[in-house]
Amino acid sequence: MSESTPRTPARKPVRLCVRCYLVTDAPVVVAEVHQNSGPGWNMYACPKCAPHFPPVPDVIDLFPSGRGGDRDGAE
């Protein structure tokens, strides 16, 4: 049982652009959708449409204190 099994080549990522609706093999993350229950998902655009979207913010930067903490800003 020491036969080597041939490896299949890795697939390129293929996603649908959320702006022009074309399939791209060079997707760029342009949004992260978060949910209260279950996993969220990413939205992708092709390299041509990606500059039309604002940069994706870091989730930690969305908190008032910048590092999390309590809702009233106290740590």
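All values derive from a computational prediction rather than experimental measurement. (Residues numbered from 1 in each chain as written. Predicted model: local features only at pLDDT ≥ 70, side-chain atom pairs only at ≥ 80, totals over all residues. Heavy atoms only, no water.)

Let's talk about a nonpolar patch on the surface
- Together, Val14, Leu16, Tyr21 and Val23 make up an exposed nonpolar region whose accessible area comes to about 440 Å².
- Since its relative accessible area comes to 45%, valine 14 is described here as partly exposed. (Patch = residues over 30% accessible without salt bridge, like charges linked within 9 Å, V, L, I, M, F, W, Y side chains within 5 Å. Areas by Shrake-Rupley, 256 points an atom, 1.4 Å probe, with all protein chains shown as cover. Salt bridge = Lys/Arg side-chain N within 4 Å of Asp/Glu carboxyl O. Buried < 20%, exposed > 50% of the residue type's maximum accessible area, 1.4 Å probe, protein only.)

Observations concerning the nonpolar core
- Formed by Cys17, Val30, Ala45, Cys46, Cys49 and Ala50, the largest nonpolar core amounts to 6 residues.
- Setting aside anything within four residues of it in sequence, one finds cysteine 17 in contact with Leu22, Tyr44, Ala45, Cys46 and Cys49. (Core = buried A, V, L, I, M, F, W, Y, C linked by side-chain atoms within 4.5 Å. Contact = heavy atoms within 4.5 Å.)

Here we look at the environment of alanine 31
- Checked against the element boundaries, alanine 31 lands in strand β3 (residues 28-33).
- According to the relative accessible area criterion, alanine 31 is partly exposed, its value standing at 24%.
- Alanine 31 has contacts with Trp41, Asn42, Met43 and Val56, leaving out every residue within four places of it along the chain. (Helix = DSSP H or I, 4+ residues; strand = E, 2+ residues; numbered from the N terminus.)

Thoughts on the pattern of salt bridges
- Counted under the stated rule, the structure contains 1 salt bridge.
- The shortest N-O distance in the salt bridge between aspartate 25 and lysine 12 comes to 3.3 Å. Of this pair, aspartate 25 sits in the loop between β2 (23-24) and β3 while lysine 12 sits in the segment before β1 (15-16); the two residues are 13 residues apart in sequence, bridging distant segments of the chain.
- For lysine 12, a relative accessible area of 56% gives the class exposed.

Section: the environment of valine 14
- Position of valine 14 among the secondary structure elements: in the segment before β1.
- Linking valine 14 and threonine 24, residues 10 residues apart in sequence, is a C-alpha distance of 5.7 Å.
- For valine 14, the residues in contact, after removing those within four places along its chain, are Val23 and Thr24.

Digging into the side chain of threonine 24
- With respect to the helices and strands, threonine 24 occurs in strand β2.
- The class of threonine 24 is buried, set by a relative accessible area of 8%.
- Those residues in contact with threonine 24, other than ones at most four positions away along the chain, are Pro13, Val14, Arg15, Ala45, Cys46 and Pro47.

Regarding unusual backbone geometry
- Although it is not a glycine, tyrosine 21 adopts a positive phi angle of roughly 60°.
- Relative to the helices and strands, tyrosine 21 resides in the loop between β1 and β2.

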